[in-house]
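Okay, here's what each chain looks like letter by letter:
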Amino acid sequence: MRYLCLFALTLGAAAPAAAQSSGGLVGKVVDAATGTPLRGAEIRIDAGARAAITDTAGEYRIRGLTAGPHTVTVAFVGYRPSRREGVIVRVGEITRADVRMAPVAVELATLTAVGVQDPVLDPLAPSTVQRISAEDLRRLPVSSLEDALGLQAGVVGESYRGGRIGQQAFILDGLGVKNQLDASTGGSGLRIPPDLIADASLITNGFSARYGQAISGLVSVSTRDGGDRWRGRMAYETDRPMSGRSDLGLDRVVFQADGPIAGRITAVGILDFSARLDAEPVSAPAPSDPRDPRSTAPSPLPHNSGEVMTAGGKLTIPMGTRVITRLFGLGTREQRYLYDQRYKYDAELGPGRRVDGTLASAHVQLLPSANSRRPISGDLRLGYFSRDFVRGAVTSPDYKFGAFTGSKLEVQGEELARRQDTLAARQALPGFDTPTFSDRTPYGVPAFFLGNATQGELAFNTFSELRSQLDFTAMLSDKVDLGFGGLHAAQDVKTFQRVFAYRPVGGIVPPATASAFSPSISALYAESQVRLSDIAVTAGVRYDAFSPGGSLDNRTLQARSSVNPRIAVSTVLSGATIVASIGKFSQPPDLQFLVDAAFDDTTRTGRFRQGNPDLGFEQSTQFELSARVRLREAVSLRVNVFNKRLEGLVSSAPINVNPDSSVFVNADIGNVSGAEVILERERRNGWGMRMAAVLQRAEATVTDAFQLLRLTEVDIVNGDTVRAARSQWPLDYDRRLAFTATVDGELPASSGPRILGIRPFERLTGAAVLRYGSGLPYTRTNITGDSLVGEINGSRLPSQFTVDLLLRRPVRFGGFAGGVYLDVRNVLNRANQLAVRRESGTPNANDATIAKLAETAYLANPQAIPYESPRYRRAADTNNDGVVSGRAELYPLYEAAARDFTQPLFVYGAPRLIRFGMEVLF
Amino acid sequence: MRLIPALLLLAAACGHSEPYTTAPTQNDGPFSAGAPTRLTFGSSTDSAAALTSDGQGVLYFFTGFTNGDRCIGLLPPGGGTRRWELCDTRFEAADSGKSYSAPALNSDGQLLYISALARRGRDAPDRTTLWLADSALPFQRRALISFPINVGGQGVSWLSDAQWTGPESFIARAGLLNVQRACPNCTLDTTVVPAGVVRGTITPTGATLSFVPGAESPEVMALAENGGVIVFMRSFTEVLRVPATGGTPTLVAALPTSARVTGISCRGSECVLTQLGGTVAGGGEGTRIYRIRLATNAVDLLTTVAGRWAGPVLLPTGGDVVMQASTTPTRDLYLFKGLLP
């Protein structure tokens, strides 16, 4: 049946869409025969949507073009019109397109535009940019922006150049969007549908002073504008035809359409809904114990489903010839049921999480006058961003279609959390019951696995920001550009946390924590680029300020400020473009570190973590030297060498000597240095290729409360400190070596044999991604977990390796174009280890650990289990007396339970993931 | 444009693999087929068996697994794994010892029971409450009565032997709970001084109790003849009957011997009664088991079984009887198959 489904699902339709967003085009029009500049030539973009006239030097400048390919036509009386298609405009950059025009009377073979600025060699581009085009998103085996970013050099998961998660900035259509509350532990809550993306960039060096809130890098995304005719795409992806471990319950539906709605006003709308029964699949091996239900059904995991629903829209409203207004809205709801090994046998009691991200923005773009000798463009952006997070006890999902529930995930006690009623929360919260040891396990014994009730967790936070941002770019002369602007963001934060909600506060139950405050950030910047022949100097300075707001900690808190100069020099030497840049960067700390928090995490930060409203900026100083060269016309090589000095990183420090409490301080310093080599063959003649290799070392002090207390070691003979409490160790994302290779190609229309009138390989496209990464560091501990073995992060995980594959074939059905595709991740089904147990250094607990766990559990509950008890297991009643009693009968059950409980799951990465897709264009 | 919906339907038809599921492990049937069949193997006392209204289960008390509190369990009549249990493990009550009494479960799943909470180290209960709960959600319950209360001029602080008589009514044996030492060095003893049989009516605000006239001071009691008759004993020899609505008690029969009666259970017009005493082979202590036929006012000694037995429950079919062995150390429930001819 499944293969019939597979066959049936291999019917559909496909299509890309032209990419568009914001950049500029400049050039010079000359007489092809004499080289004389032509004044008054008319430059038209895309059949006249934008136009300019050349000045006395034959120069023209057009700003505010949407990113993507454009058709440029040049006309001048007495000359043969020139036309070139596919001139690429990049986001935030100026592309140069010089034109040589031939007089009508002269026959000239090379009559089209020449010299389109090479993005590789462009000496005017000081940033180290790795681009992801809409074409990449379509051609490569990626299904999200995050997937695509993961292919770039210097990226480990969501860490950029060794930085902590969240130390990068995210710019959407020029507007900064960041979850400043807990970026290090949670994302923005927004999912950008790939069908909405025109162009994305990852910038990892001393980039423009225009951007702040980032010390590890910058991700910039431009969304597409509506086209001049209605078009759209519908797609459906699933793994339903598969079975067993390959069927993870995936369903994804995408609907996108864009086009004109009135006059020149265009619109884009998108719905992207996906759900998976196992939203976080792992390649953990099946256990060998036949009593364990995972031994026969290792996946999907129960109570581990997730839904992501994104809806977005954009209106582009030209107002006259120089003003364009764009209204944009995007909302994402992600709701997850979270598998918890403690609730393996009562999975429905596991927790759940709901995250809502909302963005509404308005962008008024002032375009420069076409004939101005000092063109100036401006952008006013207003944006409202919010992220709403809640996690805790949930009811079992009621699936309607696949993993789609069609309803909002409700968290028990959410209303109280939103009220931030810490007084009422001192009592046990209504509806919460005490969890007990599960009696549904194959072992029966009261140990490890919980049942009866949830863990009593309730966490809520919301972050919202109203941001206004003004940017100007002026071309002061042919040689000098000036950019300046600023922003102000008024933020609002509310948090609430309660643990052990079934118990009143007291004893080991910390009081509920809540905070409500209104921080703000603001910034001013100015940046200029001066071009002298083949040398360009880009210099800028940025002033960042951050205030926690007056309502935090019942006292007036001072605003913090930081001045961040940045400079880059670029030139061309022996055919290679050399760029040297250095810059200082500051970003406010996660706001979560400013407020108190309650946890049930005794091994890291304790049950109560004290916030520190006096935290200041985290800072970095980055230096980079890069060389870019074209080895052949379509082959480029980029080499970047960088060093990043980190200062004032937020870390937890113990309060006195109590390991159960800690406070956050700007304490850690570190250093990241490395080299990146990127070899790229552009897509030509049906294929392209890219290889990126990174060598890197990322270290910092790690004044973790847990680790600090246990690390300091004094020689008992001479009193010397034999192991210091503070020195540099590898950061968590210190991947020393990473290698990524992508290759993609397309077969011509006449490829392959014709079978029953059909060429199966006709215009078949394929892409493969190979990734290798050396092991990340981790810290070994002894079996009790209370002492470190070796240095912090002194051990390494095994290396990781994956191969991904995408095959796509265009298909037509009736009047519809479309396609079908097969996307396979981790083709080799390699079980990559993302973590290991600290005491064993392997995914599995060793026998000593299991014996210790089993012994402790047995001694805690050595009671006999009578026949009528739900815990009675006849097979364990070896003397057949109706009671499982005594060590001989009970201990093996505890040992088996311990082995089950410690079986590794989320220490393994994703298994082979297969999805079939079909798409229809209309 | 009609293609995608069609494909979606097709895909839906394919379906997804389901995650593994776990179900409670249950033992079916008795552990051993001996006579009598042992139904419980608890390390402490398993006692006070009571038939559910639909006759499909036997409620009983057992000792909780973790903290020694008393719990209520529901056994299949023929033995096997507890289908349900109520142990108050909520944290609010963790500092108290809990005990239950008078469990009665009707066919709608409504559970009537008394809970008594005593702070650890205290002798007498601090709080005694009659609850009405849904057996599926035993802690989402409604307090019907907080004891002690005055019923018709008499104090009542305890109920036992509760049985449903209608959707909103029940009948129970009421008394005064007495926790005392018989002598300065004696162990603490909990006794109930019987007051009478009460009829309870559940109201929107709680429940009201009223004594059934003619059924005062019952040492043991049972409902018979489909709830129309209360069979009870004021002494250890005379078995009396009175209409469930009250009236003048009449003598059913007199037992041949006077000894402590440890329980009575009726089905239709037949009852089973246990009385300590009698001799068994080997000269050990025994328990006499009588059959009482209400239609003929006849008393038959069925058998004398070795040991001390109490709390008979006459199962709805056959002659099977569940009884509690009260001989230390085995205080478990046993099933006597075919005890009643």
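No experiment lies behind these values; they were computed from the predicted model shown. (Residues numbered from 1 in each chain as written. Chains lettered and ligands numbered in written order. Predicted model: local features only at pLDDT ≥ 70, side-chain atom pairs only at ≥ 80, totals over all residues. Heavy atoms only, no water.)

## Let's talk about the overall build of chain B
Secondary structure assignment for chain B yields one helix and 26 strands. Out of the 341 residues in chain B, the part that is buried amounts to 51%. Partitioning the contacts of chain B with sequence separation of at least 6, the portion at a separation of at least 24 is 41%. In the form shown here, chain B has an accessible surface area of approximately 14,700 Å², with 52% of it arising from carbon and sulfur atoms. (Helix = DSSP H or I, 4+ residues; strand = E, 2+ residues; numbered from the N terminus. Buried < 20%, exposed > 50% of the residue type's maximum accessible area, 1.4 Å probe, protein only. Contact = heavy atoms within 4.5 Å. Areas by Shrake-Rupley, 256 points an atom, 1.4 Å probe, with all protein chains shown as cover.)

## As for the overall build of chain A
Looking only at helices and strands, chain A has seven helices and 52 strands in total. For chain A, the residues scored as buried account for 58% of the 922 residues in total. Pairs at least 24 residues apart make up 70% of the contacts formed inside chain A by residues separated by at least 6 positions. Split by element, the accessible area of chain A, about 35,300 Å² in all, is 58% carbon and sulfur.

## Describing the side chain of Asp225 of chain A
Residue and element names in this part refer to chain A. Here Asp225 is to be found in the loop between strand E16 (217-223) and strand E17 (231-238). A polar side-chain atom of Asp225 sits 3.1 Å from a polar atom in the side chain of Thr316. Within polar-contact distance, the side chain of Asp225 engages the side chain of Arg326 at 3.1 Å. (Polar contact = N/O pair within 3.5 Å; in protein donor to acceptor, adjacent residues only side chain to side chain.)

## Description of the packing of aromatic side chains
Residues and elements named next belong to chain B. A full pass over the atoms with the stated rule returns 19 aromatic pairs over all chains. Ring geometry for Trp309 versus Tyr334: centroids 5.2 Å apart, planes at 85 degrees, classification edge-to-face. A residue pair is termed long-range when its members are at least 10 positions apart, and Trp309 in strand E24 (residues 309-314) and Tyr334 in strand E26 (residues 333-336) qualify at 25 residues. As far as burial versus exposure is concerned, Trp309 and Tyr334 are alike and both buried. Where Trp309 meets Phe336, the ring centres are 4.9 Å apart and the plane angle is 85 degrees; that geometry is what we call edge-to-face. Residue Trp309 is located in strand E24, and its partner Phe336 is located in strand E26; the two are separated by 27 residues in the primary sequence. (Phe/Tyr/Trp six-rings, centres within 6.5 Å; stacked < 30°, edge-to-face > 60°.)

## Quick word on the pairing of strand E52 (residues 913-921) of chain A
Residue and element names in this part refer to chain A. Counting buried positions over the nine residues of E52 gives nine, a clear majority of the element. The side-chain alternation of E52 yields two buried faces, one formed by Leu913, Arg915, Gly917, Glu919 and Leu921 and the other by Ile914, Phe916, Met918 and Val920. Note: E17 against E52, six bridges, orientation antiparallel. Along E52, the bridge assignment pairs Arg233 with Leu921. In the sheet, strand E49 (residues 816-825) pairs with E52 via eight bridges, with the strands oriented antiparallel. Paired with Tyr821 across the two strands is Gly917, which belongs to E52. (Pairing = 2+ DSSP bridges.)

## Looking at the sheet that holds strand E21 (residues 270-279) of chain B
All names here are of chain B. Pairing is antiparallel in the open sheet, where four strands are placed in the order E20-E21-E22-E23. A strand with exactly one partner marks an edge of an open sheet, and here the two such strands are strand E20 (261-267) and strand E23 (298-306). In this sheet, adjacent strand axes meet at a mean angle of 25 degrees when their direction is disregarded. Where E20 and E21 come together, six bridges link them in antiparallel fashion. Along E21, the bridge assignment pairs Ile264 with Leu273. (Axes fitted to C-alpha atoms, helices over the stretch in contact; angles between N-to-C directions.)

## Digging into the nonpolar core
Within the largest apolar cluster, 51 residues are counted, with the highest numbers of intra-cluster contacts made by Leu145, Phe170, Leu172, Ile192, Val221, Leu359 and Leu591 of chain A. With residues up to four places along the chain from it excluded, the contact list for Leu359 of chain A reads Leu172, Leu175, Val177, Leu190, Phe328, Gly329, Leu330, Tyr384 and Phe385 of chain A. Grouped together as the second largest cluster of nonpolar side chains are 26 residues, Phe449, Tyr867 and Ala898 of chain A together with Phe41 of chain B included. (Core = buried A, V, L, I, M, F, W, Y, C linked by side-chain atoms within 4.5 Å.)

## Brief notes about unusual backbone geometry
Ser299 of chain A connects to Pro300 of chain A through a cis peptide bond whose omega is 0 degrees. Take Pro300 of chain A: it is sitting in the loop between strand E19 (265-276) and strand E20 (306-319). Of note, the phi angle at Asn297 of chain B is positive, near 55 degrees, even though the residue is not glycine. The topology assignment puts Asn297 of chain B in the loop between strand E22 (285-293) and E23. Using a relative accessible area of 38% as the deciding quantity, one classes Asn297 of chain B as partly exposed.

## Observations regarding the confidence of the model for chain A
All names here are of chain A. Residue-level pLDDT values for chain A average 83, and 86% of them are 70 or greater. Taken element by element, chain A is modelled with least confidence in strand E9 (residues 113-114), mean pLDDT 38, and with most confidence in helix H7 (residues 886-901), mean pLDDT 96. Note that pLDDT drops below 50 for residues 3-21; the model gives that stretch 72 contacts with residues more than four away or on any other chain. Segment residues 106-116 is flagged for pLDDT under 50; beyond a separation of four residues in sequence, or across chains, it makes 27 contacts in the model. (pLDDT = per-residue confidence, 0-100.)

## Describing the pattern of salt bridges
Residue and element names in this part refer to chain A. What the rule picks out here adds up to 66 salt bridges over all chains. Between Arg44 and Glu42 there is a salt bridge; the shortest N-O distance is 3.0 Å. Judged by relative accessible area, Arg44 falls into the partly exposed class, the value being 33%. The partner of Arg233 in a salt bridge is Glu919, and the shortest N-O contact between them spans 2.6 Å. You can see Arg233 sitting in strand E17 and its partner Glu919 sitting in strand E52, a full 686 residues away along the chain. Using a relative accessible area of 10% as the deciding quantity, one classes Arg233 as buried. Where salt bridges share partners, they join Glu135, Asp136, Arg139, Arg683, Asp744 and Glu746 into one cluster. (Salt bridge = Lys/Arg side-chain N within 4 Å of Asp/Glu carboxyl O.)

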